Amino acid sequence: MTESASGGASRNPADRGRTSISDGVVEKIAGLAAREVVGVHAMGSGSGLARTFGAVRDRVPGGAKSSVTRGVKAEVGEVQTALDLEIVVDYGVSIRDVARAVRENVVAAVERMTSLEVVEVNIAVSDVKLPDEPDEEPESRLQ
């Protein structure tokens, strides 16, 4: 701390207090960044049934995790974060290339928006979406 000419403490206002970022904030940023990558069909469990139930749950007010954070788990510390992602890829894409692009996009977005250092992004590919498989999003009964 430096002393001012009048004897009082002179501090930068930006240094007064601390900022904390919740796991959920980092999970949302990472989920959106992962979905931007071409070849990522969905996030979360690969089973069609689980995706169907997840889509229904997302439509129910007060449902569990939002679709933005589905398939994303973050551990956030004071200056670092680690992420686990579960993705479903489109058939025909290079899984290695998609995983690399997801890592790059997620790291860039999280570090840019939070100033946290991303120490690792673990990716589990849980399914491949085949071209002839219908999207298993049930039609809403509400109008």
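This text goes with the structure placed above it.
Here is a short report on the structure shown in this document. (Residues numbered from 1 in each chain as written. Predicted model: local features only at pLDDT ≥ 70, side-chain atom pairs only at ≥ 80, totals over all residues. Heavy atoms only, no water.)

**Examining helix 3 (residues 95-114)**
Threshold: A run of H or I in DSSP counts as a helix once it spans at least four residues, and a run of E counts as a strand once it spans at least two, with each numbered from the N terminus. In this scheme, a helix's expected span is set at 1.5 Å multiplied by one less than its residue total. Exposure classes here rest on a 1.4 Å probe applied to the protein chains alone. A residue is buried below 20% of its type maximum, exposed above 50%, and partly exposed in between. In this description, the arc belongs to the directions extending from the helix axis to the C-beta atoms.
With 20 residues, helix 3 extends 28 Å from end C-alpha to end C-alpha; this agrees with the ideal 28 Å at 1.5 Å per step. Residues of helix 3 that are buried include every one of Val-98, Ala-99, Val-102, Val-106, Ala-109, Val-110 and Thr-114, and no others. End-on, the buried residues of helix 3 take up no more than an arc of 110°, which puts them together on one face. Those residues of helix 3 that are exposed and aimed more than 90 degrees away from the buried face are Arg-96, Glu-104 and Arg-112.

**So, the pairing of strand 6 (residues 117-129)**
Here is the rule we go by: The pairing criterion for strands is at least two bridges between them, as found by DSSP. Handedness of a crossover: with both strands directed away from the viewer, a clockwise path from the first strand across the helix to the second marks it as right-handed.
As judged from the eleven bridges shared by strand 5 (residues 80-90) and strand 6, these two strands associate in the parallel manner. Following the sheet pairing, Val-89 is matched in strand 6 by Val-128. Between the parallel elements strand 5 and strand 6, the chain passes through helix 3 in a crossover that is right-handed.

**Digging into unusual backbone geometry**
In this structure, Ser-115 is a non-glycine residue whose phi angle is positive, near 65°. Along the chain, Ser-115 turns up in the loop between helix 3 and strand 6. Judged by its relative accessible area of 66%, Ser-115 falls in the exposed class.

**Focus: the environment of His-41**
We apply this condition: We call two residues contacting when some pair of their heavy atoms lies within 4.5 Å. We define a polar contact as two N or O atoms separated by no more than 3.5 Å, with the added condition that, inside protein, one atom must be a possible hydrogen donor and the other a possible acceptor, whereas residues neighbouring each other in sequence contribute only through side-chain atom pairs.
For His-41, the position within the fold is in strand 3 (residues 40-43). When the C-alpha atoms of His-41 and Tyr-91 are compared, they prove to be 9.2 Å apart, with 50 residues separating the residues in sequence. Residue contacts for His-41: discarding those within four places in its chain leaves Val-88, Val-89, Asp-90, Lys-129 and Asp-135. Of note is the side chain of His-41, whose polar atom sits 3.2 Å from the side chain of Asp-90.

**Comments concerning helix 1 (residues 23-35)**
Given a rise of 1.5 Å per residue, 13 residues ought to cover 18 Å, and the 18 Å separating the end C-alpha atoms of helix 1 matches this to within 8%. Every buried residue of helix 1 is accounted for by Val-26, Glu-27, Ile-29, Ala-30, Gly-31, Ala-33 and Ala-34. Looking at the packing, one finds that the buried side of helix 1 touches strand 3, strand 4 (72-76), strand 5 and helix 3.

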